[in-house]
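# Structural overview for review
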Amino acid sequence: MHRSTGLRSPQESVHDLSPIENLRFPTKEELRESWEEPTDPQAQQEIINSIEEVYFSNDAFDIVKYELERLPPVLSLQELEEYRDKLKQQQAAVSKKVADLILEKQPAYVQELERVTSLQNGLQLAAVICADGRRHLNIAKEGFTQTSLGLLANQRKRQLLIGLLKSLRTIKTLQRTDVRLSEMLEEEDYPGAIQLCLECQKAASTFKHYSCISELNSKLQDTLEQIEEQLDVALSKICKNFDINHYTKVQQAYRLLGKTQTAMDQLHMHFTQAIHNTVFQVVLGYVELCAGNTDTKFQKLQYKDLCTHITSDSYIPCLADLCKALWEVMLSYYRTMQWHENHDQDEAATVSSVSDGSSVVGTEENSFDRSYVKKKLEHGLSRIWQDVQLKVKTYLLGTDLSNFKYDDFIFVLDVISRLMQVGEEFCGSKSEVLQESIRKQSVNYFKTYHRTRLEELRMFLENETWELCPVKSSFDILQLHEFKFMVQSRSPSVSPSKQPASAISTTVTLFEQYCNGGNPFEIQADSKDDETEDVLASNGYESDEQEKSAYQEYDSDSDVPEELKRDYVDEQTGDAPMKSVSRETLRSRKKSDYSLNKGNAPILTNTTLNVVRLVGKYMQMMNILKPIAFDVIHFMSQLFDYYLYAVYTFFGRNDTFESTGLGLSSSRLRTTLNRIQESLIDLEVSADPTGTLTAAEERKEKVPSPHLSHLVVLTSGSSLYGLAERVVATESLVFLAEQFEFLQPHLDAVMPAAKKPFLQQFYSQTVSTANELRKPVYWIVAAKAIDYEQMLLLMANVKWDVKEIMSQHNVYVDSLLKEFEEFNRRLNEVSKRVRIPLIVSNILWEHCMRLANRTLVEGYANVKKCSNEGRALMQLDFQQFLMKLEKLTDIRPIPDKEFVETYIKAYYLTENDMERWIKEHREYSTKHLTNLVNVCLGSHINKKARQKLLAAIDDIDRPKR
């Protein structure tokens, strides 16, 4: 700004301001010379173009050095001058060009120079303003700024120190947090502890620039991990004893941690572990208790191996405790699901009432968590139930139950049935694993049990005296304890065989019923200990004690199995065994029995009652365990088959009467008896040691044919050949068939569809044949009760070729009627011992009358000579017989009446009529027909006709041979 501003020549100005400061401009002399040079622009341009490129290279180029170096080694003055003139010419051209350019730009240069001058003036003015500003700023600084900013700086420092103090106090509080966390964990305030720990972590991250905080931060992280571990332990406690407050705290804690899904995964793992630990500890406890020592070897065993060490005595209590413990686990899971359902409903209600747009993201996240938890819990139901099934299955199959008592085995079925009911309510499962395992055990047990019962039934039948068991007229099988399960309503919350009557038509599930306490697997005393079976009629004893002593004095049978002792129903307990009663003992009660027999009490024996009880037990087992229904019904049918076969063998088999061709045994009955004999009866006396294994196995399924007790006398005429025993046996079989008919709907309901044809065939071909057994049994009595042979002898002594019509009947008619009167008297005597049903009485009378009429025909067929008057006498005798006989019986019409009348009247037929009559009446034997033709010879049939009729008889008889 202090430089001279005087104007200078353009050359000087250019030299001073131009960036090409090192360029040398031509002198005035040079310019003058250049102006004197020709000014032809083209010639001038050619000179410039002839200048070498090196002169235009850069400012640092040394022209002098360059030209000196170009001099030739031998200098020539003339050449040098010529060269110099050339250089001067070139220089002059360049200078001329530069001067022209300068003159051309002179106006612009002057204008720009003026602008520079103006700029210089402006800068000088700005310098003065700046100097004034600095002077005034110095005055302000000294008078105001330094004092005020000092106050502000001190205030800022104070604020920083206050913040520091607050941070230090917070750090001090953080250092003491671990004590409070420990207290909260002891109080099980997990949400509070986690909330506090998370706040501390947040605060610690705020003060992480302090070196002391880094250590505290790691300590808090360790504490949080410790809280998670304790939280996991707390979660595991839920599995055995669900507490709603405890679980609420745990869930809140996991939600604060943001690990709701992890908690659910852990919970399922704990439930699985709880099931394993629970069953192992229960079984281990019983095994060690039974072992009686503190040996720790059992603790090292696998659960499957441990189950094999359970003894028979501890099996049922252990099973009950096992199911009770598993019930607690499943109940906890059920209540856990309930908690989540209620919690979700409350949360959904809260969300709908507070519809804030800012919380949409959080709501979606919670909704996802809830959905995950719900699916996980629903999926866990089947997993947990599967674990329970497998554990119980292992326990069930670990012990052979085939030798268990019936009541014990029924209890096992009860427990398992209840457990399957729990499973169905728990997750809708059909419990295929449990069903298969209990089915295996049941089939195994039932085969052994049934085999024993069949042997006992055989022993009962062989010792049975076929005396009447005095039951009340109102007796019904549903009064027996074995059939109580059919009377009581089945309820989902009550076990199959021990159902209280108060639990009728209720829909409360087990989980609802026992949600707040109790256990469905508690062992309760059997209700039948407190009940009585009021089924026995008055028996002449003054008290039950006298009756019991009478039974006990009969025989000592301490070595007889328990089931054999249950002939009678104990009026006190319904369960205490009673011993068989002798014939003499029952006869001593004849008077009371006689009054009883006038009623309509069912006719049955001790053995019948025993079979009915067995049927009840079989049905009870089948009702609890439907998968083995077919096996049980098949075994039940064998009980009936064997009883039917025994009654027929004892009282109905008689080859002599079977050969009469009277059709006493229907084809259906014969087919049934043959089937029973082939499939159930072991006809071999001793086992064949050389027999095949298959044959031995088949024989195991069979029972030896029973033998009638030697106490039963069937040969005495005074007792009508054991009619009382026959009536009791046959009618007890009919009673048993009626009970089977009554039970048919129940059996049909549980029978698998594929096996129902077996049940239908059993009823149509076996049960329905019980009534048909009456004919062959009572036929034997009818055949022996009247002396038909004596009647034939008396008829043989009668002269039938009389010449005059007789008005007096023959003696054999009176003899036959006396036989019937004696039969009627003895029948009344027998009825005093045993009530003879009307149908039995009718069958007996029908058999006797049929045999008498056929004996009459046989007697008439033995006649060698007979006149028309003799035939009239036959009609007279027969009419007399019918008239007297109709006074003894109410049966109308008299059986085979036409059989006799038609035979007598056939004597009067002509040849052609008789031939037609012979062909139409094939019910007569060849002997009857032949004798008829022979007797007619000479009276109204000649020999030729006789030969023709005999040929016709022979034609009829030929197909029979």
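As a convention, each chain's residues are numbered from 1 in the sequence order in which they are written. Residues qualify for local features only when their pLDDT is at least 70, as the model is predicted, and side-chain atom pairs are given and counted only at 80 or more; totals for whole chains, interfaces and linings, by contrast, use all residues. Excluded from the side-chain calculations are hydrogens and water; all other atoms, namely the structure's heavy atoms, are used.

An unreviewed UniProt entry lists the protein under the name VPS50 subunit of EARP/GARPII complex, with Gallus gallus given as the organism.

## Points about the nonpolar core
Each nonpolar core is a collection of buried residues, namely Ala, Val, Leu, Ile, Met, Phe, Trp, Tyr and Cys, held together in the definition by side-chain atoms within 4.5 Å. Only protein chains enter the accessibility calculation, which uses a 1.4 Å probe. A residue is then buried if its area is under 20% of the maximum for its type, exposed if over 50%, and partly exposed in between. Of all hydrophobic cores here, the largest spans 228 residues; its most connected members are Val283, Tyr395, Met619, Leu723, Phe820, Tyr860 and Phe881. Here this core gets 16 residues from one element, more than from any other, and that element is helix α22 (residues 629-652). In contact with Tyr860, not counting residues within four places along its chain, are Met795, Trp800, Tyr812, Met874, Asp877, Phe878, Val900, Tyr903, Ile904 and Asn931. Numbered from the N terminus, helices here are DSSP runs of H or I no shorter than four residues, and strands are runs of E no shorter than two. Contacts between residues were defined by any pair of non-hydrogen atoms, one from each residue, lying within 4.5 Å.

## Here we look at the pattern of salt bridges
Salt bridge, as used here: a side-chain nitrogen of Lys or Arg that lies within 4 Å of a carboxyl oxygen of Asp or Glu. Taken as a whole, this structure holds 33 salt bridges when the rule is applied. Note that Lys96 is salt-bridged to Asp100, the shortest N-O span being 3.2 Å. Remark: Asp100 and Lys96 occur in helix α5 (residues 77-175); sequence separation between them is four residues, near one turn of the helix. For Lys96, a relative accessible area of 15% translates into the label buried. Exposure remark for Asp100: the relative accessible area of 34% places this residue in the partly exposed category. Taken together, the shared-partner salt bridges in this structure form one network comprising Arg451, Glu455, Arg458 and Glu462.

## With respect to unusual backbone geometry
Of the consecutive residues Arg892 and Pro893, the connecting peptide bond is found in the cis state with omega at -10°. Within the secondary structure layout, Pro893 lies in the loop between α32 (868-888) and α33 (897-905). Despite not being glycine, Leu720 shows a phi value in the positive range, around 55°. As for its placement among the helices and strands, Leu720 is situated in the loop between β2 (703-704) and α26 (723-750). On the basis of relative accessibility, which here comes to 0%, the residue Leu720 falls in the buried class. Backbone geometry at Asp896 places phi at a positive 60°, although glycine is not the residue there. By the secondary structure assignment, Asp896 is in the loop between α32 and α33. Residue Asp896 is classed as buried on the basis of its relative accessible area, which comes to 16%.

## Comments concerning the state of the cysteines
Any cysteine sulfur atom paired with another within 2.5 Å is treated as part of a disulfide. Under the definition given, this model contains zero disulfides. With no disulfide of its own, Cys318 has Cys307 as its nearest cysteine by sulfur position, at a separation of 7.5 Å.

## Details of the packing of helix α30 (residues 811-833) against helix α31 (residues 838-861)
Interaxial angles span 0 to 180 degrees and are taken between N-to-C directions of axes, which are lines fitted to C-alpha atoms, for helices over the stretch in contact. Relative orientation of the contacting elements α30 and α31 amounts to 165°, with a least axis distance of 12 Å. In this view, α30 runs roughly antiparallel relative to α31, as classed from their interaxial angle. As α30 runs across α31, the sense of the crossing is right-handed. Between α30, through Tyr812, Leu816, Phe820, Phe823, Asn824 and Leu827, and α31, the contact on the second element is made entirely by Ser841, Leu844, Trp845, Cys848, Met849, Ala852, Leu856 and Tyr860. Of the residues contributing to the contact of α30 with α31, the split by class is twelve nonpolar, two polar and no charged. Should an angle lie under 35 degrees it is considered roughly parallel, over 145 roughly antiparallel, and from 65 to 115 roughly perpendicular; all remaining angles are considered oblique. Each crossing is labelled by how the near helix is turned from the far one, with a counterclockwise turn of less than a right angle marking it left-handed and a clockwise turn marking it right-handed. Under the scheme applied here, ten amino acids are nonpolar (Ala, Val, Leu, Ile, Met, Phe, Trp, Tyr, Cys and Pro), four are charged (Asp, Glu, Lys and Arg), and all others, including Gly, are polar.

## Considerations on the packing of aromatic side chains
Stacked, edge-to-face and tilted are the three classes for Phe, Tyr and Trp ring pairs, Trp counted by its six-membered ring, which pair at centre distances within 6.5 Å; planes under 30 degrees apart are stacked, over 60 edge-to-face, the rest tilted. Tallied over the full model, the rule gives 38 aromatic pairs. Taken together, the ring pairs connect Phe271, Trp327, Tyr333, Tyr334, Phe426, Phe511 and Tyr514 into an aromatic cluster. Lying over the aromatic face of Tyr406, Lys617 brings its terminal NZ or CZ to 5.0 Å of the ring centre. Our definition puts a charge over a ring when NZ of Lys or CZ of Arg is within 6 Å of the ring centre and also within 35 degrees of the ring normal. A cation over an aromatic ring shows up here: Lys755 above the ring of Phe630, its NZ or CZ 4.5 Å from the ring centre.

## With respect to a nonpolar patch on the surface
A grouping of Ile63, Val64, Leu68, Leu71, Leu75 and Leu80 is seen on the molecular surface, where their side chains present a nonpolar patch of about 520 Å² in accessible area. At three residues, the largest contribution of residues to the nonpolar patch is made by helix α4 (residues 63-69). Along the chain, Ile63 turns up in helix α4. Like charges are joined within 9 Å and nonpolar side chains (Val, Leu, Ile, Met, Phe, Trp, Tyr) within 5 Å, but only among residues with over 30% relative accessible area and no salt bridge; these make up the patches. In these tables, accessible area is a Shrake-Rupley quantity obtained with a 1.4 Å probe, and a residue counts as shielded only by the protein chains included in the view.

## Structural notes on the packing of helix α34 (residues 911-920) against helix α35 (residues 926-936)
Direction vectors running N to C along α34 and α35 enclose 170°, while the axes themselves pass 12 Å from each other. Between α34 and α35, the interaxial angle falls into the category roughly antiparallel. Residue-level contacts link Met914, Trp917 and Ile918 of α34 to Leu929, Leu932, Val933 and Cys936 of α35. Its residues assigned to classes, the contact of α34 with α35 shows seven nonpolar, no polar and no charged.

## Considering the environment of Gln44
Position of Gln44 among the secondary structure elements: in helix α3 (residues 41-50). What makes Gln44 buried here is its relative accessible area of 14%. Separated by 48 residues in the primary sequence, Gln44 and Ala92 place their C-alpha atoms 9.2 Å from one another.

## Some points on the confidence of the model for the protein
For every residue, the predictor states its confidence as a pLDDT score lying anywhere from 0 to 100. Put simply, the protein has an average pLDDT of 79, and 79% of its residues get 70 or more. Considering only residues more than four positions removed or in separate chains, one finds that residues 525-530, a stretch of pLDDT under 50, has four contacts. The low-confidence segment residues 540-598 (pLDDT under 50) makes 118 contacts with residues lying over four places distant or belonging to another chain.

## Notes on the side chain of Arg370
Within the secondary structure layout, Arg370 lies in helix α13 (residues 360-397). Residue class for Arg370 comes out buried when judged on its relative accessible area of 18%. Ignoring anything within four residues of it in the chain, the contact list for Arg370 reads Asp344 and Glu347.

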